[in-house]
Amino acid sequence: IERMKKKTLVKPIVYGNTATPLLQKRDSDQHTHQWTVFLKPYLAEDPTKWIRKVQFKLHESYANQTRIIETPPYEVTETGWGEFEIQIRIYFVDNNEKPISVFHYLRLFQPVVELPSGKSVVCTEFYDEIIFQEPTVQMYRALQAG
Ligand code: SLL
């Protein structure tokens with residue numbers, strides 16, 4: 001595989017979750033909240049140029065614990081009652097670049113932010129950077145395109 005010698009490219013990303021309480025606790029499964037976990041590029045760019053798919057691995061209490069999202073938005077919306085760590089695994093368009101994982105602890109209760117509408121939601125998100133050192137030629141072109 002041909003690699004770009006001495007080249008480094010950086011892709012800024014943001015990941016996190018939002019959550020809102022259900023109007024009332026559901027008797028059938030005790031669920032209290034609806035939540036969305038997401039991963040997105042920090043910049044307004046087309047991530048499909050360099051991301052092939054994003055895999056979210058939920059708590060084992062969920063049916064179909066592993067959710068694969070192939071097109072943006074890369075997010076999973078679910079309901080539940082508890083907080084847990086979610087593995088977010090990013091696969092790249094060139095399979096010669098190893099997938100990388102970030103871990104996000106799903107929050108349902110804190111931190112609360114107030115929206116302009118006056119509504120309160122839980123919202124927590126983090127900035128990170130994926131650093132490609134000596135990417136393959138194919139990946140280098142893909143990263144430049146996105
Ligand atoms: C806790 N260690 O005890 C954590 C586990 C699990 C969250 C949280 C719903 C699962 C389902 C759900 O919220 N699981 O009903 O499918 O807090």
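Numbering of residues starts from 1 in every chain and runs along the sequence as written. At least 70 in pLDDT is required for a residue's local features to be given in this predicted model, at least 80 for side-chain atom pairs to be given and counted, and no such filter applies to totals for whole chains, interfaces and linings, which use all residues.

An unreviewed UniProt entry lists the chain under the name YEATS domain-containing protein, with Caenorhabditis nigoni as the source organism.

In this section: the sheet that holds strand E9 (residues 120–133). Should DSSP find at least two bridges between two strands, the strands are regarded as paired. What counts as a helix is a DSSP run of H or I of at least four residues, what counts as a strand is a run of E of at least two, and both are numbered from the N terminus. Judged by pairing direction, the sheet is antiparallel, and its 5 strands sit side by side in the order E5-E2-E1-E9-E8 without closing on themselves. A strand with exactly one partner marks an edge of an open sheet, and here the two such strands are strand E5 (74–80) and strand E8 (112–114). Looking at each pair of strands side by side, their axes are set apart by 30° on average, direction ignored. Both strand E1 (residues 8–21) and strand E2 (residues 33–41) contribute to a ladder of 9 bridges, which runs antiparallel. Bridge pairing in E2 places Ala19 opposite Trp35. Interaxial angles span 0 to 180 degrees and are taken between N-to-C directions of axes, which are lines fitted to C-alpha atoms, for helices over the stretch in contact.

The pairing of strands in a sheet comes from backbone hydrogen bonds and takes either a parallel or an antiparallel form. Spatially, the 4 strands line up as an open sheet ordered E4-E3-E6-E7, and their pairing is antiparallel. In this open sheet, the two strands that pair with only one neighbour each are strand E4 (66–69) and strand E7 (100–105). Adjacent strand axes in the sheet meet at a mean angle of 20°, parallel and antiparallel pairs treated alike. Across 6 bridges, the pairing between strand E3 (residues 51–57) and strand E6 (residues 85–92) is antiparallel. Paired with Val54 across the two strands is Ile90, which belongs to E6.

Turning next to unusual backbone geometry. For the bond running from Pro72 to Pro73, omega is -5°, close enough to zero to count as cis. Tracing the sequence through the fold places Pro73 in the loop between E4 and E5. Cis geometry is adopted by the peptide bond preceding Pro111, which originates at Gln110 and carries an omega value of -10°. With respect to the secondary-structure elements, Pro111 resides in the loop between E7 and E8. Positive phi values are uncommon outside glycine, yet Lys6 reaches one of about 65°. Inspection of the secondary structure puts Lys6 in the segment before E1. Even without being glycine, Glu134 reaches a positive phi, approximately 45°. Mapping Glu134 onto the fold places it in the loop between E9 and helix H1 (137–145). The burial label depends on the number of other C-beta atoms within 10 Å of a residue's C-beta. Counts of 20 or more mean buried, 12 or fewer mean exposed, and intermediate counts mean partly exposed, with C-beta atoms placed from the backbone. Accessibility expressed as a C-beta count within 10 Å gives 13 for Glu134, which makes it partly exposed.

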